[in-house]
Amino acid sequence: MPAVAMNVNGNAVSGEVEPRTLLVQFLRESLRLTGTHVGCDTSQCGACVVHVNGKSVKSCTMLAVMADGCDVTTIEGLATDGSMHPMQQAFMDNHGLQCGFCTPGMVMTALDIVNRNGNDLNEATVRKELEGNICRCTGYHNIVKSVQAGAKAMGE
Amino acid sequence: MVENGIGASVRRKEDKRFLIGKGNYTDDINVAAQTHACFVRSPHAHATINSIDTGEAMASTGVVAVLTGDDLAADGIGPLICGVTVTSDDGEPHRAPAHPALAQGKVNYVGDHVAIVIAETLAQARDAAEKVDIDYGVLPAVTDTGSAADEGQQQIHEVAPNNMCFNWPFGEKDAVEAAFASAHKISTLDLVNNRMVTNPMEPRAALGEYNEGTEEITLHLTTQNPHVHRLVLSAFNQLAPEHKLRVVGPDVGGGFGAKIFVYAEELVVGWACRKVKRPVKWTSDRTEAFLSDAHGRDHVATAEMAMDENGKFLAMRVMTQANLGAYLSTFATMVPSYLYAFLLAGQYTTPLIYSEVKAVFTNTAPVDACRGAGRPEATYLVERLVDVAAADMGLDPAEIRRRNFIPVDAFPYQTPVVQCYDSGDYEAALDKAMAMADYDSFSARADEARTRGKRRGIGLSSYVEACGIAPSAAVGQLGAGVGLWESAQVRFNPTGNVQVFTGTHSHGQGHETTFAQLVTEQLGVPFENIEVIHGDTAKTQFGMGTYGSRSLAVGGVAIAKACEKLIAKGKKIAAHALEAAEGDIEFADGNFSVAGTDKAMNIAEVAFTAYVPHSYPEGLEPGFDENAFFDPLNFSFPAGTHICEVEVDPETGVVEIVKYTAVDDFGKLVNPMIVEGQVHGGIVHGVGQALLEGCRYDSEGQLITASYMDYAMPRADNVPSFDIDYAPTNPPHNPLGVKGCGEAGAIGAPPAVINAISNALGIKHIDMPATPENVWRAAQTAALG
Ligand code: FES
Ligand code: FES
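Keep in mind that what you see is a predicted model, and the values were worked out from it rather than measured. (Residues numbered from 1 in each chain as written. Chains lettered and ligands numbered in written order. Predicted model: local features only at pLDDT ≥ 70, side-chain atom pairs only at ≥ 80, totals over all residues. Heavy atoms only, no water.)

1. Quick notes on the overall build of chain A
Stated formally: In this description a helix means any DSSP run of H or I spanning at least four residues, a strand means any run of E spanning at least two, and both kinds are numbered starting from the N terminus. As a reference, a globule follows 2.2 Å times the number of residues to the power 0.38, and the radius of gyration itself is taken over C-alpha atoms. Relative accessibility decides the category of a residue: with a 1.4 Å probe and only protein chains considered, values under 20% of the type maximum give buried, values over 50% give exposed, and everything between is partly exposed. Here, two residues are considered to be in contact whenever any of their heavy atoms come within 4.5 Å of each other. In these tables, accessible area is a Shrake-Rupley quantity obtained with a 1.4 Å probe, and a residue counts as shielded only by the protein chains included in the view.
Scanning chain A for helices and strands turns up five helices and five strands. Walking chain A from its N terminus toward its C terminus, one meets helices and strands in the order β-β-α-β-β-β-α-α-α-α. Whereas a compact globule of 156 residues would reach a radius of gyration of roughly 15 Å, chain A reaches 15 Å, a difference of no more than 12%. Considered along the principal axes of its C-alpha atoms, chain A spans approximately 45 × 30 × 25 Å. A total of 156 residues make up chain A; the buried ones form 56% of that total. Long-range contacts, defined as pairs at least 24 residues apart, comprise 59% of the intrachain contacts of chain A with a sequence gap of at least 6. Here chain A has roughly 5900 Å² of accessible surface; of this, 47% comes from carbon and sulfur atoms.

And the structure:
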């Protein structure tokens with residue numbers, strides 16, 4: 001079985017995987033980082049979004065071996081010293097989550113939106129950018145507010 | 001106001017774990033020596049099974065077991081049940097074909113369970129599943145709701161001639177006919193309530209563990225009601241005695257009804273883990289979820305309204321054909337009958353209503369409750385028919401509603417369809433919504449849109465629903481196999497913090513926060529010292545779970561009653577400690593005090609005294625821990641008016657929702673932030689049904705919308721932000737004054753959206769989903785394009 005080595009949330013990790021192993025399976029099953037979720041099998045829902053080398057990626061659509069040598073950040077890697085990242089805090093403050101299942105993917109996507117669009121986001125931009133993340137609970141209203149508020153807080 | 005008490009938008013206790021990736025969903029749980037399961041499913045909609053050869057699969061790498069329906073039957077497990085009886089017009093109970101958890105000689109829909117393959121890894125299980133060799137004898141399939149019972153159709157179940165489950169007439173047929181015969185005007189509408197796939201974002205999963213020493217099975221399930229699962233699996237499916245079966249619903253990623261039911265996979269995993277003496281884990285992928293989760297809605301109906309010359313409703317007649325799928329899911333029969341026909345009065349004084357519901361079997365996945373369950377179907381029909389009636393009478397849709405509303409002074413109001421509405425002010429909600437939506441100046445906006453080649457439309461929906469499910473005596477009379485009370489336990493620990501055990505289940509609703517607010521309000525214990533515990537039959541005494549917007553309206557009251565018992569006991573303890581008469585003790589803000597003195601004791605001190613009863617009232621039990629059960633006296637009746645304004649591009653058929661207003665009556669709000677979130681989510685569920693979501697089978701029974709590529713879920717850019725407000729009234733039967741809010745949006749939205757599109761195009765009706773293609777065709781027909 002091929003060996004993979006990568007940096008996940010600042011920790012060097014390695015393992016042997018079947019070639020067909022998806023990055024999300026490696027994260028969830030080998031590393032037991034179960035914050036990254038699987039909500040579909042067609043790369044549509046975004047529950048699995050992580051960052052690979054600083055860019056958002058649907059980890060269900062990438063093989064673990066493709067991430068060999070990469071820097072990977074998952075939802076578990078955002079909080080520092082027990083305090084949440086401003087984007088996580090914004091989701092809590094704006095009730096941007098209900099069941100929590102889509103949430104890790106939403107937060108990771110939100111960070112990527114900020115990285116590419118800056119801290120002052122209008123509603124239309126956020127809605128368009130969230131097109132690849134499905135939430136069944138919130139109706140998006142409060143997710144949009146959360147992303148805007150989180151983006152702003154990150155700029156302060 | 002108590003800090004973090006009733007009425008405060010407290011931030012949620014549950015959020016942190018979800019936000020930092022520390023949620024604990026079923027698939028996140030891994031146990032030692034765990035195996036992985038894959039189900040072999042039928043690729044055919046309707047077929048006999050001539051033979052199953054598991055030899056090659058068994059020999060496949062890593063395989064632990066391959067089990068089929070024969071193995072299940074040999075162990076006397078199953079079949080799955082439907083828990084509500086509906087009496088058909090021949091006086092017989094509904095037809096209930098056997099629903100084996102693994103097929104017995106025949107499959108009846110694509111995705112039907114044939115075998116389970118258990119292996120060391122999921123990949124090995126999947127590889128081996130492909131090697132199970134099944135010889136099918138393919139039969140013609142029945143998939144269309146409207147024609148499933150027609151003469152000459154392929155028969156699916158021997159026990160159900162003409163594919164009929166039941167034909168359920170309800171109401172005074174002759175009186176309705178007489179009213180129609182003498183009516184000034186009759187409005188008629190044919191409509192389809194499109195089939196939905198419920199689609200909570202977390203797919204279903206099951207993890208079964210068997211302890212040979214204790215002979216106990218522990219099942220972690222994606223369930224909305226762990227005790228209901230345990231009861232059914234034990235009492236009806238013979239999985240294990242109730243006291244030897246533990247069901248845990250850990251964090252659950254949304255339910256919307258789809259996780260109420262007892263599914264084949266859950267029973268089979270529970271049985272298989274004992275058989276192979278290893279933990280067995282199964283997690284659905286999304287395709288399996290589309291194929292095998294219970295679907296929702298799927299009606300075809302004809303509705304007629306008889307009116308006098310003032311547009312006053314005289315009588316309504318509704319003929320409905322409802323698709324129940326291939327087998328009866330756990331509550332399937334109740335949804336198109338009691339949860340549907342009993343809501344056909346809507347907000348109106350229509351004195352006579354007659355309905356007939358024909359429920360049919362087809363070669364499709366079972367159909368059961370989906371957010372709102374029956375009530376969205378009723379509301380859609382009524383609120384669309386009312387708009388058609390308004391057009392036929394030349395009245396504004398708001399005006400015809402006003403003329404027929406149950407007036408505010410008429411409550412309690414006995415409808416002709418069983419329900420007795422306890423409270424409401426329908427006109428207040430309508431007025432407020434119209435003001436917020438700027439209804440009166442709509443025509444100026446429509447004119448402006450026209451200059452840009454667009455068509456604007458505005459649509460009202462004034463809904464009422466029956467929640468707080470449910471008074472046990474009422475549902476018992478209707479043929480339900482269970483009571484629908486709720487239970488709670490409120491336990492002080494000796495150090496003064498509180499654990500609240502509830503039989504309801506939170507899978508997004510925020511009970512851990514809302515219920516803690518109730519307790520902090522009532523007992524004065526700081527919010528952060530209260531923990532709400534749910535979802536584990538080994539922890540919580542009993543409970544009927546979460547659906548039908550019942551958790552606060554029923555479960556919340558049980559908590560309040562347990563708190564009352566604690567206060568009563570605390571008075572005895574405080575009286576003894578403070579050397580006063582029990583009758584002189586008052587309780588407020590967490591303190592027991594002697595009236596008219598400054599002698600007082602905090603409830604935490606009382607709790608400590610109860611656990612360390614060195615000096616204690618004679619004869620009083622130690623401990624500070626109380627149970628309560630609550631059985632509601634009536635349903636609750638949330639209601640409201642939703643107004644949707646759309647802009648349609650007749651060239652492309654694209655519909656944009658430009659403004660959406662909702663004014664709801666949920667009674668008292670415990671956490672307004674959470675309530676608003678429930679409304680948002682419900683509306684988008686309803687908008688999804690109205691604009692995007694349509695589950696389709698082809699004539700051979702293949703599900704052609706089996707992924708998010710083909711089944712359009714509402715996404716962030718399909719919907720706007722919403723304007724939400726309330727017009728509350730007090731429900732006299734509910735001790736907390738609450739009504740329930742979880743389903744309102746999904747009930748109110750579909751007719752508001754379709755009324756708006758019909759208004760925009762100047763057409764009588766368009767079926768859901770109003771996709772660009774359907775809207776474009778309608779615009780072409782209306783010669784607008
Ligand atoms: S799981 Fe990756 S997009 Fe759905
Ligand atoms: S919070 Fe449940 S799917 Fe988004």
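2. Considerations on the domain arrangement of chain A
How big an interface is tends to be stated in terms of the accessible area lost upon association of its parts. All names here are of chain A. Rules: Bear in mind that the domain bounds are from an automatic or database domain assignment. A 1.4 Å probe defines the accessible area here, and the buried area is the portion of it lost by two parts on being joined, summed over both. Salt bridges, as used here, are contacts in which a Lys or Arg side-chain nitrogen is within 4 Å of a carboxyl oxygen on Asp or Glu. Two N or O atoms form a polar contact when they lie within 3.5 Å of each other; inside protein one atom must be a possible hydrogen donor and the other a possible acceptor, and for residues adjacent in sequence the pair counts only when both atoms belong to side chains.
For chain A, the assigned domains are domain 1 (3-77) and domain 2 (86-154). A C-alpha centroid distance of 21 Å is found between domain 1 and domain 2. Listed by partner, the interface residues are 18 residues for domain 1 and 14 residues for domain 2. For the pair domain 1 and domain 2, the two sides together bury roughly 1200 Å², of which 59% comes from carbon and sulfur. On the domain 1 side of the interface with domain 2, the three residues burying the most area are H37, H51 and I75, jointly 41% of the side's total. Here domain 1 and domain 2 share zero salt bridges between them. The tally of links from domain 1 across to domain 2 stands at seven residue pairs in polar contact (both at pLDDT 80 or more). Where the side of domain 1 that touches domain 2 is concerned, the elements lending two or more residues are β3 (49-52) and β4 (55-58).

3. So, the domain arrangement of chain B
Residues and elements named next belong to chain B. Looking at chain B, the domain boundaries give domain 1 (31-139 + 201-254 + 259-292), domain 2 (295-470 + 634-781) and domain 3 (485-630). Measuring from the centre of the C-alpha atoms in domain 1 to the corresponding centre in domain 3 gives 40 Å. On the side of domain 3, 14 residues touch domain 1, which itself brings 17 residues to the contact. Note on domain 1 versus domain 3: buried area summed over both sides is about 1300 Å², and carbon and sulfur give 58% of it. Looking at the side of domain 1 facing domain 3, the largest losses of area belong to Q224, H227 and R246, adding up to 42% of the total buried there.

4. Regarding the pattern of salt bridges
By the definition in use, this model includes 46 salt bridges over all chains. By sharing partners, the salt bridges in this structure join R445, E448, R452, R456, E645 and E647 of chain B into a single network.

5. Regarding the sheet that holds strand β6 (residues 133-138) of chain B
Strand pairing in a sheet takes place through backbone hydrogen bonds and is either antiparallel or parallel in direction. The following threshold applies: When DSSP finds two or more bridges between two strands, those strands count as paired.
Across the sheet, which stays open at both edges, the three strands sit in the order β4-β2-β6 (chain B) with antiparallel pairing between neighbours. In the strand order of this sheet, the two ends are held by β4 (106-107) and β6 of chain B, each with one partner.

6. A closer look at the interface of chain A and chain B
Contacts between the two partners involve 47 residues from chain A and, on the opposite side, 54 residues from chain B. Here chain A and chain B share an interface that buries about 4300 Å² over both sides, 55% of which is from carbon and sulfur atoms. Across the contact surface, chain A and chain B share four salt bridges. Between R28 of chain A and D27 of chain B there is a salt bridge whose closest N-O contact spans 2.7 Å. Run the count over chain A and chain B and you get 29 residue pairs in polar contact (both at pLDDT 80 or more). Secondary-structure elements contributing two or more residues to the side of chain A that touches chain B are α2 (86-93), α3 (103-117), α4 (123-129) and α5 (141-154) of chain A.

7. What about the environment of A752 of chain B?
Residue and element names in this part refer to chain B. By the secondary structure assignment, A752 is in helix α19 (residues 744-761). The exposure class of A752 is buried, given its relative accessible area of 0%. Distance from A752 to V280, taken between C-alpha atoms, is 46 Å for residues 472 residues apart in sequence.

8. Quick notes on the side chain of R204 of chain B
Residues and elements named next belong to chain B. When you line up the elements, R204 lands in the loop between β9 (196-197) and β10 (205-211). On the accessibility criterion, R204 (1% relative accessible area) is buried. Among the polar contacts made by the side chain of R204, one reaches the side chain of D293 at a distance of 2.7 Å. Setting aside its immediate chain neighbours within four residues, R204 contacts T222, A258, K259, Y263, E265, E266, W282, T283, S284, S292 and D293.

9. Digging into the environment of M673 of chain B
Within the element layout of this structure, M673 of chain B appears in helix α18 (residues 672-692). Spatially, the C-alpha atoms of M673 of chain B and N755 of chain B are 29 Å apart, while their sequence positions differ by 82 residues. Dropping the residues within four chain positions of it, M673 of chain B is found in contact with H95 of chain A together with S9, V10, R11 and R12 of chain B.

10. Side note on the layout of surface pockets
We apply this condition: With a 1 Å grid laid over protein atoms only, a set of points is called a cavity when a 1.4 Å probe fits there but cannot get out and a pocket when it is open yet has protein on both sides within 12 Å along at least five of seven lines; lining residues have an atom within 4 Å of a point. Grid points are joined across faces, edges and corners, and a volume is the space filled by probe spheres set on the points. Only Asp, Glu, Lys and Arg are considered charged in this grouping, and only Ala, Val, Leu, Ile, Met, Phe, Trp, Tyr, Cys and Pro are considered nonpolar; every other residue, Gly among them, is considered polar.
Estimates place the volume of the largest pocket at around 1200 Å³. As for the largest pocket, its lining consists of 44 residues, and the residues nearest its centre are Q25 and E29 of chain A together with L122, A123 and R126 of chain B. Of all the secondary-structure elements, those providing two or more residues to the lining of the largest pocket are α1 (23-30) of chain A together with β1 (35-41), α4 (122-129) and β13 (280-283) of chain B. No other element matches α1 of chain A, which puts five residues into the lining of the largest pocket. Tallied by class, the residues present in the lining of the largest pocket amount to 16 nonpolar, 13 polar and 15 charged. Its volume calculated, the second largest pocket comes out at about 470 Å³. Mapped by element, the contributors of at least two residues to the lining of the second largest pocket are β1, α4, β6, β13 and α8 (286-292) of chain B. The greatest single-element share of the lining of the second largest pocket, amounting to five residues, is contributed by β1 of chain B. In terms of residue class, the lining of the second largest pocket is built from 13 nonpolar, three polar and five charged.

11. Observations regarding the sheet that holds strand β25 (residues 591-594) of chain B
Residues and elements named next belong to chain B. Our working definition: All axes are obtained by fitting lines to C-alpha atoms, using only the stretch in contact for helices, and the reported angles, taken between N-to-C directions, cover 0 to 180 degrees.
Strands sit in the order β24-β25-β26 across an open sheet of three strands; the sheet is antiparallel. In this open sheet, the two edge strands, each paired with only one partner strand, are β24 (585-588) and β26 (600-602). Between one strand axis and the next, the sheet turns through 20° on average, direction left out of account. Taken together, the four bridges between β24 and β25 define a ladder with antiparallel strand orientation. Considered in β25, the bridge of I585 is made with V594. Relative to the sheet, helix α16 (residues 551-577) contacts β24, β25 and β26, its axis offset from that of β24 by approximately 125°.

12. Notes on the nonpolar core
Note that soluble globular proteins tend to have their nonpolar side chains buried in a common cluster. Applicable threshold: Side-chain atoms within 4.5 Å are what join buried Ala, Val, Leu, Ile, Met, Phe, Trp, Tyr and Cys residues into a set we call a nonpolar core.
Counting 223 residues, the largest nonpolar core has F91 of chain A together with Y660 and I757 of chain B as the members making the most contacts within it. Not counting residues up to four positions away in its chain, the partners in contact with F91 of chain A are G96, L97, T103, M106, V107, A110, I143, S146 and V147 of chain A together with L19 of chain B. Listed in part, the 48 residues of the second largest apolar core include A558, A562, I573 and A607 of chain B.

13. Section: the packing of aromatic side chains
All names here are of chain B. Operational definition: Aromatic pairs are defined between Phe, Tyr and Trp rings, using the six-membered ring for Trp, whenever the two ring centres lie within 6.5 Å; interplanar angles under 30 degrees are classed as stacked, those over 60 as edge-to-face, and all others as tilted.
Using the criterion set out here, one finds 23 aromatic pairs over all chains in the structure. With a centroid separation of 5.5 Å and an interplanar angle of 80°, the aromatic rings of F313 and Y348 are classed as edge-to-face. With F313 in strand β16 (residues 313-323) and Y348 in the loop between α9 (338-341) and β17 (352-360), this pair connects stretches of sequence that are 35 residues apart. Of the two residues, F313 and Y348, neither departs from the other in class, the shared state being buried. Between Y348 and F405 the ring centres are 5.9 Å apart and the planes differ by 10°, which places this aromatic pair in the stacked class. Here the residue Y348 occupies a position in the loop between α9 and β17, and F405 occupies one in the loop between α11 (397-404) and β18 (413-414), the gap between them amounting to 57 residues. Taken individually, Y348 and F405 each receive the classification buried, so the pair is uniform in this respect.

14. Examining helix α13 (residues 442-451) of chain B
One full turn of an α-helix is made of 3.6 residues, so residues set three or four places apart face in the same direction. Residues and elements named next belong to chain B. In plain terms, the rule: As used here, the arc is the angular range of directions from the helix axis to the C-beta atoms.
All of the buried residues along α13 are F442, R445, A446 and A449. Buried residues along α13 cover an arc of 100° about the axis, so they all sit on one side. Those residues of α13 that are exposed and aimed more than 90 degrees away from the buried face are R450 and T451. Against β20 (455-464), β28 (639-648) and α19 lie the buried residues of α13.

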